Amino acid sequence: MAKTKVKVTIAIDEEVLKKSEKNLSEKNIPRSRIIESFLSYVSDPHLYCFSCGEKFLVSKADVCSKCSFVKCVKCKNCSCKLTEQTSNAVFQMRKVYEDLIGGRVK
Ligand SMILES: [Zn+2]
Ligand SMILES: [Zn+2]
């Protein structure tokens, strides 16, 4: 069964809109699809485990009290088992993710 689509009106910075339109048209991605995809992600975000590769929902995962990273639901790994350099790399990547979703992972 097809899902119901609704029309929404949003206000976006003109510059941001123009820049994104260029990229979206080059990649042939409809604006509605990218917004829907993003909102779907924000409503129930998922991560991929940096250790075993498992895809899991953040809402189903625990946070390690020692390192404050989300623990993989499958292998239970967090940042504690990583070297300082790798842990820092994951931390910096997580910052991009948190910029996109507008706040902390969990
Ligand atoms: Zn894992
Ligand atoms: Zn930890």
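Attention in this report is confined to the structure presented alongside it. (Residues numbered from 1 in each chain as written. Chains lettered and ligands numbered in written order. Predicted model: local features only at pLDDT ≥ 70, side-chain atom pairs only at ≥ 80, totals over all residues. Heavy atoms only, no water.)

What tends to happen in soluble globular proteins is that the nonpolar side chains get buried as a cluster. In this structure, Tyr41, Cys49, Phe56, Val58, Ala61, Val70, Cys72, Tyr97 and Val105 together form the largest nonpolar core, which totals nine residues. The residues contacting valine 58, other than those within four sequence positions of it, are Pro45, His46, Leu47, Tyr97, Val105 and Lys106. (Core = buried A, V, L, I, M, F, W, Y, C linked by side-chain atoms within 4.5 Å. Buried < 20%, exposed > 50% of the residue type's maximum accessible area, 1.4 Å probe, protein only. Contact = heavy atoms within 4.5 Å.)

Here asparagine 28, not a glycine, exhibits a phi torsion of approximately 60°, which is positive. Judged by its relative accessible area of 66%, asparagine 28 is exposed.

Compared with an ideal rise of 1.5 Å per residue, which puts 18 residues at 26 Å, helix 3 (residues 84–101) spans 25 Å between its outermost C-alpha atoms and is within 8% of the ideal. Those residues of helix 3 lying buried are Ser87, Val90, Arg94, Tyr97 and Glu98. Here the buried residues of helix 3 occupy an arc of 95° about the axis, which is enough to place them on one side. Of the exposed residues in helix 3, the ones pointing more than 90 degrees away from its buried face are Gln85, Met93, Asp99 and Leu100. Where helix 3 is buried, its residues touch helix 2 (31–43) and strand 1 (46–48). Directly beyond the C-terminal end of helix 3, a positive phi value near 75° is found at glycine 102. (Helix = DSSP H or I, 4+ residues; strand = E, 2+ residues; numbered from the N terminus. Expected span 1.5 Å × (residues − 1). Arc of directions from axis to C-beta.)

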